[in-house]
Amino acid sequence: MNVWRVLLRAVHGEWSSSPEGAATIPSLYFCESKLAVWSNIADRAVEACRATHAIVSRYFDRQRRDVVSQLVGMITSILTYLL
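Residues numbered from 1 in each chain as written. Predicted model: local features only at pLDDT ≥ 70, side-chain atom pairs only at ≥ 80, totals over all residues. Heavy atoms only, no water.

Visitor: Please explain the pattern of salt bridges as it appears in this structure.
Guide: Side chains that differ in sign of charge can pair as their charged atoms come close. Tallied over the entire structure, the rule returns two salt bridges. Between Arg 64 and Asp 61 there is a salt bridge, and its shortest N-O distance comes to 2.8 Å. Residue Arg 64 and its partner Asp 61 are both found in helix 3 (residues 32-82); the two are separated by three residues, about one turn of the helix. Take Arg 64: its relative accessible area is 48%, and that puts it in the partly exposed class. Across the pair Arg 65 and Asp 61 runs a salt bridge, and its minimum N-O distance is 3.0 Å. Linking Arg 65 with Asp 61, this pair stays in helix 3, spanning four residues, or about one helical turn. The partly exposed category is assigned to Arg 65, whose relative accessible area is 45%. Look at the salt bridges and you will find they share partners, linking Asp 61, Arg 64 and Arg 65 into a network. (Salt bridge = Lys/Arg side-chain N within 4 Å of Asp/Glu carboxyl O. Helix = DSSP H or I, 4+ residues; strand = E, 2+ residues; numbered from the N terminus. Buried < 20%, exposed > 50% of the residue type's maximum accessible area, 1.4 Å probe, protein only.)

See the structure below:
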């Protein structure tokens, strides 16, 4: 059996059967201050991704319109030449 699976079952079992008044089991495995830092960094990364998406999507929307305009112009000139 996989070592990680055994460890996961042990931790899950401890969390499920923690007696009343005992220290919370997650606090034995996780450092709250480090999780808070990680959460803050993750929030900033999400915010940066959203801002980048807003800027880049405008650029690509403009590029798409330019390409469509060029294609329509080329097709129109070809059709004009053929007719």
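Visitor: I keep staring at the packing of aromatic side chains and nothing clicks. Help me out?
Guide: Geometry of an aromatic ring pair is reported as the spacing of the ring centres plus the angle between the planes. With the rule as written, the count across this model stands at one aromatic pair. Where Tyr 59 meets Phe 60, the ring centres are 5.3 Å apart and the plane angle is 70°; that geometry is what we call edge-to-face. (Phe/Tyr/Trp six-rings, centres within 6.5 Å; stacked < 30°, edge-to-face > 60°.)

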